[in-house]
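Close look at the chain arrangement
Now for the letters of each chain:
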Amino acid sequence: TFTDASGCSDFATDEIIVNELPTVDLTLGTNEACVSETTIALSGESPAGGSYSGNGVTGTNFDPSVAGVGTHTITYSFTDVNGCTNSTTNDFIVYDLPTVSLNLTSTNACLNSTTFTLDGGSPAEGTYTGTGVTGTNFDPSVAGIGTHTITYTYTDINGCTNSATEDILVYENPTVSLDLGTTQTCINETTILLSGESPTGGTYS
């Protein structure tokens, strides 16, 4: 409405349309991961064609290692044909890896040593792997001479896995020879000194 200097008035009209916001929903197909996992594709949004945002989000992907351990809010925003924007959120939980240690009781063995049980892995209920390892046992003769890395791997209730390692050194057996100077005697002879061993310092039986 407008009134001029003469006191005459007139008016004109036009309409403004107020549009409702779009209905936006987000139910993440995957909303849990370990901090060590690779990039995860985000899904479960409605309607399609919007955009994701949040800590660790790039495009439509979420990287747990970038986001870090904890609960992260993922936001999904959508703009409809009227230019109206709405958004919704869903949480993504990133779990830390379990703390795993390995302190072997035996870290060296001779090549001809018998199989022995591996221990020192923590938490319990993990698995041992490595050359010469079967179950929880280590066989030096199978592993062979040298340094062998034993790996202890544990998976927690969240499905997150971590591992620890320690080395076992397998020594070569010494070369031993015996060439007795005397190999025959009579029953009535006195005690005979044994000799001809190499290297010295061992024991006779």
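Anyway, here's the lowdown on the structure attached to this text. Predicted model only: the values in this text are computed from it and were never measured. (Residues numbered from 1 in each chain as written. Predicted model: local features only at pLDDT ≥ 70, side-chain atom pairs only at ≥ 80, totals over all residues. Heavy atoms only, no water.)

Attention now goes to the overall build of the protein. Helix and strand counts for the protein come out as two helices and 22 strands. Compactness check: the protein gives a C-alpha radius of gyration of 38 Å against a globular reference of 17 Å for 205 residues, more than 25% above the reference. With the C-alpha coordinates of the protein rotated into their principal frame, the extents come out at 155 × 30 × 20 Å. A buried classification covers 25% of the 205 residues belonging to the protein. Contacts in the protein between residues at least 24 apart in sequence constitute 50% of all its contacts with a sequence separation of at least 6. If you sum the accessible surface of the protein, you get close to 13500 Å²; carbon and sulfur atoms cover 49% of it. (Helix = DSSP H or I, 4+ residues; strand = E, 2+ residues; numbered from the N terminus. Rg over C-alpha atoms; globule rule 2.2 N^0.38 Å. Buried < 20%, exposed > 50% of the residue type's maximum accessible area, 1.4 Å probe, protein only. Contact = heavy atoms within 4.5 Å. Areas by Shrake-Rupley, 256 points an atom, 1.4 Å probe, with all protein chains shown as cover.)

This part takes up the pairing of strand β10 (residues 70-79). The pairing of strand β7 (residues 51-53) with β10 spans three bridges and is classified as antiparallel. When the bridges of β10 are listed, Ser-53 appears paired with Thr-75. Strand direction decides the pairing type here: β10 and strand β11 (residues 85-95), joined by 10 bridges, are antiparallel. Residue pairing in the sheet places His-72 in a bridge with Phe-92 of β11. The antiparallel hairpin formed by β10 and β11 contains five residues in its connecting segment, where Gly-83 sits at a positive phi of about 80°. (Pairing = 2+ DSSP bridges.)

What follows covers the packing of aromatic side chains. Tallied over the entire structure, the rule returns four aromatic pairs. Taken together, a centroid distance of 5.1 Å and an interplanar angle of 55° make the contact between Tyr-52 and Tyr-76 tilted. Here Tyr-52, found in strand β7, pairs with Tyr-76, found in strand β10; they are 24 residues apart in sequence, far enough to count as distant. Exposure remark for Tyr-52: the relative accessible area of 10% places this residue in the buried category. Judged by centre distance (4.3 Å) and plane angle (35°), the ring pair of Phe-62 and Phe-92 falls under tilted. Of this pair, Phe-62 sits in strand β9 (residues 61-62) while Phe-92 sits in strand β11; the two residues are 30 residues apart in sequence, bridging distant segments of the chain. Here Phe-62 falls in the buried class, since its relative accessible area comes to 0%. Overall, the relative accessible area of 0% leaves Phe-92 in the buried class. (Phe/Tyr/Trp six-rings, centres within 6.5 Å; stacked < 30°, edge-to-face > 60°.)

Further remarks concern the sheet that holds strand β4 (residues 32-34). Strand order in the open sheet formed by four strands is β4-β11-β10-β7, and the pairing between neighbours is mixed. The open sheet terminates on both sides in strands that have one partner only, identified here as β4 and β7. Strand-to-strand twist in this sheet, taken as the mean axis angle between neighbours without regard to direction, amounts to 30°. (Axes fitted to C-alpha atoms, helices over the stretch in contact; angles between N-to-C directions.)

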